[in-house]
Amino acid sequence: MKIPQNIKVAVDAVVFGYEQKELSVLLIKRGVEPYKGTWALPGGLVLENESLEDAVQRELQEETGVTIDYLEQLYTFGTPGRDPRNRVVSVTYFGLVSPNHFKISADTDADDVQWFSIDQLPELAFDHDLILNTALERLKSKINYQPIGFELLKKEFPFSDLENLYQTILNRKIDRRNFRKKILSFGILTETDKIHQPSSGRPAKLFKFNAKKYKELEKEGFHFEIKFA
């Protein structure tokens, strides 16, 4: 039986930023209808003979000027009516970056691009609020069972910076003693002979991420669970 079908495939990117104890997301202001003048996630239709991964990288570069080496596939959104123009199925991706590593600039059908704090979001076009919330829950879930985000810290950092990263993303206070003990037990941090002297408070030793050890543990499989205060 022949099934009539006219479905378009799109990609959307949820790019989270972390900087100075703040979690943000990268949004564009739409320059075309529908939802012209409304903020939205960067994304668009997949071109013929283009992979999904290439499409999301292209859209992100065209609309925001940002290039990210790795975006993780999140979920597929395809509820009828989510786009008033056509039946559109969106394959979504998400990533976590440091905003100061990029110079953002709007182009193609985006009039503007901006980082927004997760706590101060504007109204979003289409079903992008649902997509964003789904990505945020995935990020919180993943950071609960797998150490991530080391690339957001300086090459050498005090342990408190790692604690702040986790508490910001989870939006909860963690059991600092248990967290430190758990992280150090994995051997994925190497203690340096350098000392961090904050403007206030006590000096602290600096650590650096041991990527080799982390990859070994990933292959073997390891249990990581955060306890909250």
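Note that the structure is a prediction, hence the values are computed from the model and not measured.

Whenever I open this one, the UniProt feature "domain: Nudix hydrolase" (unreviewed entry) in the protein confuses me. Can you help?
Taking the UniProt record as the reference, the feature "domain: Nudix hydrolase" (unreviewed entry) is found at residues 6–138. Taken end to end, residues 6–138 has its terminal C-alpha atoms 31 Å apart, with 18% of it in helix and 39% in strand.

Would you mind showing me how to read the pairing of strand β2 (residues 22–30) here?
Each regular strand carries side chains that alternate between the two faces of the sheet. Within β2, seven of the nine residues are buried, leaving the element largely enclosed by the surrounding structure. Counted along the chain from strand β1 (residues 7–19) to the antiparallel partner β2, the turn is two residues long, and its residue glutamine 20 has a positive phi close to 50 degrees. Relative to strand β7 (residues 110–117), β2 is paired through seven bridges, and the arrangement is antiparallel. The partner of arginine 30 across the bridge, within β7, is alanine 110.

Hey, could you run me through the sheet that holds strand β10 (residues 204–209) in this one?
Within a sheet, neighbouring strands are paired by backbone hydrogen bonds and run either parallel or antiparallel to one another. Taking strand neighbours across the sheet as the criterion, the three strands line up as β8-β10-β9 in an open arrangement whose pairing is antiparallel. The open sheet terminates on both sides in strands that have one partner only, identified here as β8 (157–158) and β9 (189–196).

Looking at this model, I keep getting lost on the nonpolar core. Mind explaining?
In summary, soluble globular proteins display a tendency toward joint burial of nonpolar side chains. Counting residues in hydrophobic clusters, the biggest one holds 43 residues, and the most contacted among them are Val14, Phe16, Leu162 and Phe179. If you look at the next biggest cluster of nonpolar residues, it comprises 18 residues, including Val15, Val66, Leu71 and Trp115.

Please clarify how the packing of helix α2 (residues 128–145) against helix α3 (residues 159–170) should be interpreted in this entry.
A pair of packed helices can be characterised by two numbers: the angle between their axes and the separation between those axes. Direction vectors running N to C along α2 and α3 enclose 140 degrees, while the axes themselves pass 9 Å from each other. Viewed along their axes, α2 and α3 adopt a mutual orientation that is oblique. Crossing hand, α2 versus α3: left-handed. Contacts between α2 and α3 involve Leu139, Lys140, Ile143 and Asn144 from the former and Tyr166, Ile169 and Leu170 from the latter. Residues belonging to the contact of α2 with α3 are distributed by class as follows: five nonpolar, one polar and one charged.

Just to check I follow, could you spell out the pattern of salt bridges for this structure?
Note that side chains of opposite charge can pair when their charged atoms are close. Summed over the entire model, instances satisfying the criterion amount to 10 salt bridges. As a salt-bridge pair, lysine 194 and glutamate 156 come within 3.1 Å of each other at their nearest N and O atoms. Residue lysine 194 is found in strand β9, and its partner glutamate 156 is found in the loop between α2 and β8; the two are separated by 38 residues along the sequence. Arginine 176 is the salt-bridge partner of glutamate 163, the closest N and O atoms lying 3.0 Å from each other. Here glutamate 163, found in helix α3, pairs with arginine 176, found in helix α4 (residues 176–186); they are 13 residues apart in sequence, far enough to count as distant. In this structure, a network of salt bridges that share partners links the residues Glu50, Arg58, Glu59 and Glu62.

Sorry if this is basic, but what is going on with the packing of aromatic side chains here?
Where two aromatic rings form a pair, the distance of their centres and the angle of their planes describe that pair. Within this structure, the stated rule accounts for nine aromatic pairs. Plain terms: the ring middles of tyrosine 35 and phenylalanine 126 are 4.8 Å apart, the flat faces sit at 65 degrees to each other, and that makes the pair edge-to-face. Here tyrosine 35 is found in the loop between β2 and β3 (39–40), whereas its partner phenylalanine 126 is found in the loop between β7 and α2, with 91 residues between them in sequence. On the basis of relative accessibility, which here comes to 34%, the residue tyrosine 35 falls in the partly exposed class. Relative to phenylalanine 207, the ring of phenylalanine 159 lies with its centre 6.0 Å away and its plane at 75 degrees, an arrangement referred to as edge-to-face. Residue phenylalanine 159 is located in helix α3, and its partner phenylalanine 207 is located in strand β10; the two are separated by 48 residues in the primary sequence. Three or more aromatic residues link up through ring pairs in this structure, and these residues are Phe150, Phe157, Phe209 and Tyr214. When the ring centre of phenylalanine 159 is taken as origin, the NZ or CZ atom of arginine 180, which lies over that ring, is 4.9 Å away.

Definitions and cut-offs
Residues numbered from 1 in each chain as written. Predicted model: local features only at pLDDT ≥ 70, side-chain atom pairs only at ≥ 80, totals over all residues. Heavy atoms only, no water. UniProt positions renumbered as here; feature names shortened; annotations may be inferred. Helix = DSSP H or I, 4+ residues; strand = E, 2+ residues; numbered from the N terminus. Buried < 20%, exposed > 50% of the residue type's maximum accessible area, 1.4 Å probe, protein only. Pairing = 2+ DSSP bridges. Core = buried A, V, L, I, M, F, W, Y, C linked by side-chain atoms within 4.5 Å. Axes fitted to C-alpha atoms, helices over the stretch in contact; angles between N-to-C directions. Parallel < 35°, antiparallel > 145°, perpendicular 65-115°, else oblique. Left-handed = near helix turned anticlockwise from the far one by under 90°. Contact = heavy atoms within 4.5 Å. Nonpolar A, V, L, I, M, F, W, Y, C, P; charged D, E, K, R; others polar. Salt bridge = Lys/Arg side-chain N within 4 Å of Asp/Glu carboxyl O. Phe/Tyr/Trp six-rings, centres within 6.5 Å; stacked < 30°, edge-to-face > 60°. Lys NZ or Arg CZ within 6 Å of the ring centre and 35° of its normal.

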